[in-house]
Each structure stands twice: as C-alpha cells, then as structure tokens.
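The residues making up each chain are set out below.
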Amino acid sequence: MSERDMLEEIRRSIIMGHLDAEDEGFDGSMEGTPGTVELVEEALEARTEPQQILTVFNAAMEEVGRLFEAGEYLLPDMLASAECVGEAMDVLEPHLAGTADTQKGTFLIATVKGDLHDIGKNIVITMLKGAGYQVRDLGIDVPADDIVAAVKQHKPQYLGLSALLTTTMTEMETVIRKLKEAGITDVKVIIGGAPTSEEFAQKIGADGHCRDALEAVEKLEALRSAS
Amino acid sequence: MAAATMAAVRKALAVDPATRLSADRVQSIHAASLELLDDPGIWCTGERALAVFEAGGCRTARVSEGGRQDGYRVRIPAAVIERALESAPDEVVLGARDPANTLVLRGKEPKVYFGTGSQANLVLESRMASFRSEEAPEQAAMLPVYSESTGSIAHLCRSAHLAEHLSNVDFFIRNVNAQDESIPSEHRDVNIYFAALLHTTKHVQGGLESLEALQPMLRLAELVATDGAEPGGANPGGANPGHADRGATGRDGSVRGLPVSFIACPVKSPLQMVADTAEKVVAIAEADVPLVISCSPQGGSTAPIQEEGMVAQINAEILAGLTLAQLARPGCPVLYGAVPVRARLDNLHDFYGAPEFVHYNLGCVQMARSYGIPCYSSAGVGDAKRPGMQATVEKLPSHLSVAASGAQYIHYAFGLLDRTNVFSPLQAVLDDGAIGLVKQVVRPCSFSADDLTAAVEEIRSVARSSGVFARRVRKQLRRGVVGDAYAFADDGQADRVLERAQRKLEELYQLEPRRLSDATVDRVYAAVPGLIDRRMFDIR
Ligand code: B12
C-alpha cells in the first residue's frame, strides 16, 4: 500500500470509529479488518512520518465533528472515533517524543473530593485524547492535596476539575486556593459538571468553565492559541 | 389487481400481553356472565332477534315489566353460548383499498392495531398565534387558537386524509359526525363511507344508520375494492358479497377482505336487546361482513361501577350479541366490542380519564382472548376540552396499558377530546406521537442466550478498559433495541410540543390526497344511489 493509501485508510478507520480488528465499526461490517490501532502500527513500521499521521488524526476528527453537527452521527459515534484517536495516540506518542511542538499539551483531570460522578469526566477525557491532548486521569473522589501534588509532579498545562454535586463543587475552590498557596500559577484550571457555571468559575478564580466535552475541546484550542 | 398475500398485510404491534385478571378470575367472570344470560336473561323487543333466538334453542317468555313496553325475556342456555363461541372465527380479515393495509386479527394472538373512533359532533380546528405578555411585553409565546364547528362531510374527508398519513393509524373509523343538512338521512351512510374511502387506503369502519343502506354499501365497498382493476374482470379483487370465503384466507393463501366493516350495538345496558340494532346485527351477519358487537355500559349508571360487576355485565351483553350473530349465520366474522366506561360522580357523564376505564378494558381484552375472538377495545380519549397536557395525560394510561394487554384492535385512539364529543386534528397528531412512544415501550424483550453472553463479554471488556460503553451503543442501535425520542420533544430548552405538532398537521394536510381513481369514482356514481355532488368530497 502506498503511504497515501495508508493515511487514507487511517482517516477512514477513525471516521468509522473502527478501533481495532475486534471492533465492528460504525456500520457493523468491519470486524476482522485492521482498525485504527493496527493501521497506525503498520504505518509506523512502514516508516511514515509520525507528524503526518497526527495530521490525519486532526483531519478525521474534524470530519467526525462535521457529521455530528449535521446530525448524521450520534454522540456514541463521535466518542468511538475519539477513542480510536486516543488509543492510536498511545501508539504514536513514543515516536513523537522530542518533537515538543507536536504536543498540544498535558491535561490533568479529576473528580473532586466527595464526588463519585465520572461519566461526564470520562467523556471529556475521550474527546480531549481524540483532539490530541495527553490526558492523565486522577480518578474520582480526589482530595485537593493529591491534586496539587500531581500538578507538581506532572507539570500539566491544564487542570480539569469535575463536580456534579452542589455540595462538592465548593471543593474546586479549595483546590485553586491550595494551588496558589503552593505557588503554582502556570496551570490553567478548567471546571465542569452540571451545577457549575461561568460565574462560579470566575468567582473561584478558575480560568474557564465548559458546559460539555465539545466546548472543552474548543476552549482549550482558544486558550492554546491565546498563549 | 393482485390479491394480497399474508406477507403483504399491515404490520401489527406484537406484545407479550400484560394481564390484570388471573385465569381463575377470567373463568369466574365467564361463569357469572352465563348466569346473567340465564337469569334474568336478555330483555328483548325485536321480533327478528326473537325469532333467531327461539330457533337457536333459547327459552323466551312474553313479559310485562314495570314501566316498560311489553317484551320478551330471552334466557340463553350456556350450551347455546358455547356453541356460538365455537362457531365464531378466530381470524377476522379486514380489507383495505391498498391491500398492504389489510388487517389480520386473530383472537388468541396479542397483536395490536390502532385506529380512530367515535363520531364526534364537533371538530376543533387550530392554528398558531403569537402572544405577548401585557405586564412584561418582552415575554412572548406561540400558542394555538381554536375554532369549533359542527362536523361535516368536508371535515370527514380531511380527517380521512389525515388518518391516511398518520403513520400509527392502522384503520379508520369515521370519526366525525357529518351533519350536512343537504344529505337526506337515508343517504347518509353511503356518503359518509364514500368520503372516508375516497381519502384513505386503510380499512374503513363505522355504524350503519339505516339497514336499507346495507346493499348499496356493499356495492360501494366492492367497487372500491376493485379500484385500479379492469372492470368486468373474472374476480376483481376477490371481494364478492354473500360468498362465505370473503374476508378469510382464500384458497391460494391470499387474504383480501372488503375495505369496509360495521359496528353495531345490539344491547342497551343493562341486558336489553334493542329491536332495530339487533335487526342490523342479523342482517350484517347474514351478509357475512365483519361486524363489531359493541357494548358501552357506563359503570355507575348503567352497570356496576366496580370492575368485577362491569366486566361480568358487559361480557354477558357482548356474548348475547355475538350469539345472535352466530345463530343468524354460524361462522360469520365478529369482533368482541368492548367500550366500557365509567361515570363521573358529579354529573354521570362519561369519564375517560378514570383509572377504571383502563381496568374495565383490560378485563374485556382478557375475556375476549379466553374466547379466541379478536377484541375491539377502547383507549385514548381525553376528558379535556382542548389539546395538550391534560388530554395527553388522560390518554396515556389507556394508550399504554390497553396496548400492553394485546387488544387486537384499539379504537378511539386518535384526536378525541371532551369525552368523544370533539375531534381535534391537532390532538390526533399529538396522539400519533404518543402512540409512537407507547409502541416502543411495549416492545417485547427479545434477547437470546447468545445476546446475554455477548453482553457479559461487553461488560467484562469495558470494565477492564475505558469504563465507557458509548461505543458499544452503535451495535445495539443496529439491532433495533434502542428506541427514539418522543416525536415532538424539543432539543433546546423550550417546550414547543403544540407548535411542532401543529406544523406537522399542516404539512400532512398539504400532502397529495390518495384518492380513488376517477374511473372508480365514475363507477361508484353510476352504481350507488344517493351520493351528493362530487365536488363536496374535494379537499383541495
Ligand atoms: C449518573 C448519576 C449518578 C451515578 C454516577 C455514576 C458515575 N459513574 O458517574 C451514581 C448513581 C453513582 C450517583 C450517585 C449520587 N448522586 Co447522582 N446523578 C447522576 C446523574 C443522573 C447523571 C450525571 C451524569 O453522568 N450525567 C451525564 C454526563 C454526560 O453529564 P455531566 O456529568 O454533566 O458531564 C458533562 C458536562 O457537565 C461537562 N463536564 C463534567 N465534568 C467536567 C469537567 C471538566 C474539566 C470539563 C471541561 C467539563 C466537564 O462535560 C460532560 C460531558 O459533556 C445526575 C443527574 C443530572 N441531571 O446530572 C445525578 C445527580 C448529579 N446526583 C445527585 C445525587 C444527589 C447523588 C447522590 C448523593 C445520591 C445518593 N443519595 O446517594 C449520590 C452521590 C454520590 C457521590 N458521593 O458522588 C444529584 C445532585 C444534586 C445536588 N445536590 O447537586 C443529581 C443532580 C440528581 C438529582 N437531580 O438529584 N449519581
């Protein structure tokens, strides 16, 4: 297969949400054929530029976003595509190492202390991975001190906090206060979860609030181009 | 015209029937009904019915009971009823202009069809208008405004056109009482049926106001059944009145019934056979045309209000009518017509939003199934005067539970308001949406052992990895086990159900009518007396 054909296959595979050979893809017909993960491995073996593969990821996800907007794709379809990119990123990443400019950045995310809700957070993770971010998930019910420690250790560009309870959203303020106390000022804090709002974000000193995972992708893009 | 094969009939909603009565209770209600038919028996005034009952082995005695005209007490022995139940066919085929709309009802099969019903005197038409708050002019809203008018042939034509295009309407019972003064009473039947048959390719059903209209009606039905066929062909459409096979499975395995069937209410509750409707039952039975034996006692005024009393009585009344039909012509196709309602306790009007309306109907569905006779049931009437929330809330419990019970033929289901006095096209569109949802709710569970194994595998694999099942949803969407939202739900924050439904209504009105061919219309006018000027049937 020519390099062009191979990249086209990867693009198609992502749009079809075809993760790997075990996955059946958008229309149920693709089980047993190489999925995004296998195709990316193959492309790397054939010495395709990792950078080029990354470009295909972006183009494919743009198309998926268009299909979603047009009502042709449901959220599960879009998530399936994002998951393809997320998994393929794990394969691609070691090959990208060193080319710092290809990194969109690291995103650390947690559901705050006292809160067990993570469905929304997991969607955000999938979509951000799909958009090319390196995402590190700290899980649920994470105490503020642990979040601060993780920020110190991994030095992410972004920190995402999720809370679904009116009783736990105040914990976000604690995290931000403790970050300041620890002298950490270079991480952008994005918050989300049903009871939160833009006003609340401003009030507690967060850098942004997102209604949903799509807005998260857009906001991060905006923050990146601003910095 | 090619005869319809079984495969081509209209698809029914198959359900795993929910039940209300235990098998014991069904048996004891049956026994109670038999007891009532023996004592006091049926009070009967009509000579024709009386002759049929006597010839069939019933004991009759002339009586003069306090306050009533003289009549006869007819005691129907259990053995006569059992024989009638045996001779009543388990399968009834209701034909349609479009053979693909043929309905096949089987008494033991819980497969559901929905249709319109009643004969509303008034039609409530609607359009959207914009309103602004007087106190806060920045607050605006779109709301429907209404105009009410007396039902006419023109309304009936539009209603049949609407029913043709509402996807959940399986059959059309003339739902508007056309009161045009220009139509002489002896010609009302043919005009009403013609208005309906002209605009819908679905099965058409209704009462017969005058027995004299039966023969012209059958001629009309035959001509409509052969719409599109060569005139004078050997067997045009297979519709052939008087022939015993009509409305049944033909020798070649094809089904093709008349596009028309009738409803008659021979019994006035409690337990009184009415002379002229009993006569209609006999005549329609003899013509071998499918007939609904419909009874509508009102719990609290003409029947006991408690369900065991209501179901025992209505069951006895339907059995009396059904026995009359089977004695008149053994094997004639009948439907068990249950329209049990409850009285309001302030004014004894019908009360359809009452929980008992559902209980009564569920009992009847089970009685009919125990006999293996298809059940014409009732669901979806609102007491509300206007379309919208009250109406829909009143309708949903019966729409849902009567469908879940597996009644074969649910009438009343579209557009009825104000206790069947008003037909609202807008509410009919809303009901179509609600029934769309109901159909999905009662969808039987269909998984196999393999599906369960696959599910366990899916859980195992996702629990070990992402923890998110969303990707796997796609497969289930393809499998058809994931339903759709309510048709008029809004994606945004605003609730615009009425606005959306009104828009849909207007779109449906704009669709091209599926009229009979001009050639058929000419033949009908040549053969059927009493039809009014054809321009009166034009909805464009
Ligand atoms: C599912 C659910 C649960 C599940 C959670 C399972 C899981 N794995 O997450 C379970 C059953 C465990 C649960 C438990 C409880 N729940 Co609960 N739960 C919900 C429910 C129904 C849905 C939440 C959800 O997943 N939504 C779907 C996702 C896709 O949306 P989302 O979470 O909002 O996420 C999106 C955005 O908000 C945004 N986002 C979210 N986080 C982030 C973070 C970042 C960084 C960004 C950028 C964006 C972002 O993007 C997401 C994707 O688009 C809500 C009802 C509701 N309307 O929200 C109640 C709700 C949140 N729960 C509630 C309650 C009360 C509880 C319990 C206390 C109940 C109890 N008595 O035990 C417990 C609390 C447990 C705990 N300590 O946390 C209440 C909260 C009321 C309040 N006071 O605030 C709610 C609102 C229900 C209600 N109306 O009463 N719950």
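Considerations on the overall build of chain A
Working step 1: Broken down by element type, chain A carries nine helices and five strands.
Working step 2: Counting from the amino terminus, chain A carries its helices and strands in the arrangement α-α-α-α-β-α-β-α-β-α-β-α-β-α.
Working step 3: Taken over the C-alpha trace, chain A has a radius of gyration of 18 Å; the compact-globule value for 227 residues is 17 Å, and the two agree within 12%.
Working step 4: Within chain A, contacts between residues separated by at least 24 positions form 67% of all contacts whose residues are at least 6 apart in sequence.
Working step 5: With the model as given, the accessible surface of chain A reaches about 11000 Å², and the carbon-plus-sulfur share is 50%.
Working step 6: Each charge class in chain A can be summarised by its mean position, and for the 20 positive and 42 negative side chains these summaries are 9 Å apart.

Regarding the sheet that holds strand 4 (residues 59–63) of chain B
All names here are of chain B.
Working step 1: Across the sheet, five strands lie side by side as 4-5-3-16-15; this open sheet has mixed pairing. Among the strands making up the open sheet, the edge pair consists of strand 4 and strand 15 (267–268).
Working step 2: Bridge analysis of strand 4 against strand 5 (residues 71–75) gives five bridges, and the strand direction is antiparallel. In the sheet register, Thr 60 faces strand 5, and the bridge partner there is Val 74.

Section: the domain arrangement of chain A
Residue and element names in this part refer to chain A.
Working step 1: When cut into domains, chain A gives domain 1 (3–96) and domain 2 (106–226).
Working step 2: Placing a centre on the C-alpha atoms of domain 1 and another on those of domain 2 gives a separation of 27 Å.
Working step 3: Across the contact, 12 residues belong to domain 1 and nine residues belong to domain 2.
Working step 4: Approximately 830 Å² of surface area, both sides summed, lies buried where domain 1 meets domain 2, with 73% of it carried by carbon and sulfur atoms.
Working step 5: Where domain 1 touches domain 2, the interface holds zero salt bridges.
Working step 6: At the surface where domain 1 touches domain 2, the tally comes to one residue pair in polar contact (both at pLDDT 80 or more).
Working step 7: Here the element with the most residues in the side of domain 1 that touches domain 2 is helix 4 (residues 75–96); it accounts for nine residues.
Working step 8: Here the side of domain 1 that touches domain 2 is built from residues that sort into eight nonpolar, two polar and two charged.

What about the coordination of the cobalt atom of the ligand?
Working step 1: Counting protein donors to the cobalt atom of the ligand gives just one, His117(A) (NE2), placed at 2.4 Å.
Working step 2: Structurally, His117(A) can be placed in the loop between strand 1 (106–111) and helix 5 (119–130).

Focus: the nonpolar core
Working step 1: Membership of the largest hydrophobic core comes to 151 residues, with the highest contact counts inside it found for Ile76(B), Phe262(B), Met273(B) and Tyr336(B).
Working step 2: Once residues lying within four places of it in the same chain are set aside, the contact partners of Met273(B) are Ile42(B), Trp43(B), Cys44(B), Thr45(B), Ala49(B), Phe53(B), Pro266(B), Val267(B), Ala278(B), Ala320(B), Gly321(B) and Leu324(B).
Working step 3: Residues Ile14(A), Leu39(A), Ala88(A) and Leu220(A) belong to the second largest nonpolar core, which totals 48 residues.

Some words on the packing of helix 1 (residues 23–38) of chain B against helix 9 (residues 355–371) of chain B
Residue and element names in this part refer to chain B.
Working step 1: As a packed pair, helix 1 and helix 9 sit with axes 10 Å apart at the nearest point and diverge in direction by 85 degrees. In terms of their interaxial angle, helix 1 and helix 9 are classed as roughly perpendicular. Note on element contacts: helix 9 touches helix 1 through Gln 366, Met 367, Ser 370 and Tyr 371, opposite Val 26, Ile 29 and His 30.
Working step 2: Considered class by class, the residues forming the contact of helix 1 with helix 9 number four nonpolar, three polar and no charged.

Considerations on the packing of aromatic side chains
Residue and element names in this part refer to chain B.
Working step 1: A complete count under the given rule lists 12 aromatic pairs over all chains for this structure.
Working step 2: Relative to Phe 537, the ring of Phe 194 has its centre 5.0 Å away and its plane inclined at 90 degrees; by these criteria the two rings are edge-to-face. Note that Phe 194 is positioned in helix 5 (residues 188–199) and Phe 537 in the segment after helix 15 (518–527), a separation of 343 residues in sequence. Each member of the pair, Phe 194 as well as Phe 537, is classed as buried.
Working step 3: Taking the centre distance of 5.8 Å and the plane angle of 85 degrees together, the rings of Tyr 486 and Phe 488 count as edge-to-face.
Working step 4: You can call Tyr 486 partly exposed: its relative accessible area is 24%.
Working step 5: Above the ring of Tyr 509, the side-chain terminus of Arg 158 is found at 4.1 Å from the ring centroid.
Working step 6: Its guanidinium or amino end placed over the ring of Tyr 525, Arg 534 lies 4.5 Å from that ring's centre, counting from NZ or CZ.

Focus on helix 6 (residues 144–154) of chain A
Residue and element names in this part refer to chain A.
Working step 1: Among the residues of helix 6, Ala 144, Ile 147, Val 148, Ala 150 and Val 151 are the ones counted as buried. Axial view of helix 6: buried residues confined to an arc of 160 degrees, hence all on one face.
Working step 2: For helix 6, the elements touching its buried residues are strand 1, strand 3 (158–162) and helix 7 (170–181).
Working step 3: After helix 6 finishes, the residue Lys 155 shows a positive phi value of roughly 45 degrees.

Things to note about the pairing of strand 2 (residues 134–137) of chain A
Working step 1: Across four bridges, strand 1 of chain A lies against strand 2 of chain A in parallel orientation. Along strand 2 of chain A, the bridge assignment pairs Phe107(A) with Val135(A).

Brief notes about the interface of chain A and chain B
Working step 1: Counting from both sides, the interface comprises 16 residues of chain A and, opposite them, nine residues of chain B.
Working step 2: Of the roughly 1000 Å² buried between chain A and chain B on both sides combined, carbon and sulfur atoms contribute 51%.
Working step 3: Ranking the residues of chain A by area buried against chain B places Glu24(A), Pro76(A) and Glu83(A) at the top, with a combined share of 38%.
Working step 4: For the pair chain A and chain B, the number of links is five salt bridges.
Working step 5: At the boundary of chain A and chain B, one finds six residue pairs in polar contact (both at pLDDT 80 or more).
Working step 6: Sort the elements by how many residues they give to the side of chain A that touches chain B and helix 4 of chain A lands first, with five residues.
Working step 7: Here the side of chain A that touches chain B is built from residues that sort into seven nonpolar, four polar and five charged.

Overview of the sheet that holds strand 1 of chain A
All names here are of chain A.
Working step 1: Across the sheet, five strands lie side by side as 2-1-3-4-5; this open sheet has parallel pairing. Two strands in the sheet have a free side with no partner beyond their single neighbour: strand 2 and strand 5 (208–210). Each adjacent strand pair in this sheet contributes to an overall mean axis angle of 25 degrees, direction not counted.
Working step 2: Most of the contacts of helix 6 go to strand 1, to which it runs at about 170 degrees, and overall it touches strand 1, strand 2 and strand 3.

Details of the site of the ligand
All names here are of chain A.
Working step 1: The local shell around the ligand holds 24 residues, among which Leu 116, His 117, Asp 118, Ser 162 and Thr 166 are the closest.
Working step 2: Measuring from an oxygen atom of the ligand, one finds a backbone N or O atom of Leu 116 at 2.8 Å.
Working step 3: His 117 places a polar side-chain atom, nitrogen or oxygen, 2.8 Å from a nitrogen atom of the ligand.
Working step 4: Only helix 5, strand 3, strand 4 (188–192) and helix 9 (213–226) provide two or more residues apiece to the shell around the ligand.
Working step 5: The element contributing the most residues to the shell around the ligand is helix 5, with four residues.
Working step 6: A class-by-class count of the residues in the shell around the ligand yields 12 nonpolar, eight polar and four charged.

Digging into the pattern of salt bridges
Working step 1: Here the structure, examined in full by the defined rule, presents 44 salt bridges over all chains.
Working step 2: Across the salt bridge formed by Arg471(B) and Asp23(A), the nearest N and O atoms sit 2.2 Å from each other. In this pair, Arg471(B) is assigned in helix 13 (residues 470–479) and Asp23(A) in the loop between helix 1 (3–15) and helix 2 (36–45), connecting two distinct chains.
Working step 3: Note on Arg471(B): relative accessible area 9%, which makes it buried.
Working step 4: One salt bridge connects Glu198(A) with Lys219(A), and the closest N-O pair in it is separated by 3.4 Å. Here Glu198(A), found in helix 8 (residues 198–204), pairs with Lys219(A), found in helix 9; they are 21 residues apart in sequence, far enough to count as distant.
Working step 5: Each of Glu198(A), Arg211(A), Asp212(A), Glu215(A) and Lys219(A) takes part in one network of salt bridges that share partners.

Reading guide: rules and limits
Residues numbered from 1 in each chain as written. Chains lettered and ligands numbered in written order. Predicted model: local features only at pLDDT ≥ 70, side-chain atom pairs only at ≥ 80, totals over all residues. Heavy atoms only, no water. Helix = DSSP H or I, 4+ residues; strand = E, 2+ residues; numbered from the N terminus. Rg over C-alpha atoms; globule rule 2.2 N^0.38 Å. Contact = heavy atoms within 4.5 Å. Areas by Shrake-Rupley, 256 points an atom, 1.4 Å probe, with all protein chains shown as cover. Lys, Arg positive; Asp, Glu negative; His and termini not counted. Charge placed at Lys NZ, Arg CZ, Asp CG, Glu CD. Pairing = 2+ DSSP bridges. Domains from an automatic or database assignment. Buried area = accessible area lost by both parts, 1.4 Å probe. Salt bridge = Lys/Arg side-chain N within 4 Å of Asp/Glu carboxyl O. Polar contact = N/O pair within 3.5 Å; in protein donor to acceptor, adjacent residues only side chain to side chain. Nonpolar A, V, L, I, M, F, W, Y, C, P; charged D, E, K, R; others polar. Donors = N, O, S within 2.8 Å, 3.2 Å for Na, K, Ca; no water. Core = buried A, V, L, I, M, F, W, Y, C linked by side-chain atoms within 4.5 Å. Buried < 20%, exposed > 50% of the residue type's maximum accessible area, 1.4 Å probe, protein only. Axes fitted to C-alpha atoms, helices over the stretch in contact; angles between N-to-C directions. Parallel < 35°, antiparallel > 145°, perpendicular 65-115°, else oblique. Phe/Tyr/Trp six-rings, centres within 6.5 Å; stacked < 30°, edge-to-face > 60°. Lys NZ or Arg CZ within 6 Å of the ring centre and 35° of its normal. Arc of directions from axis to C-beta. Near = heavy atom within 4 Å.

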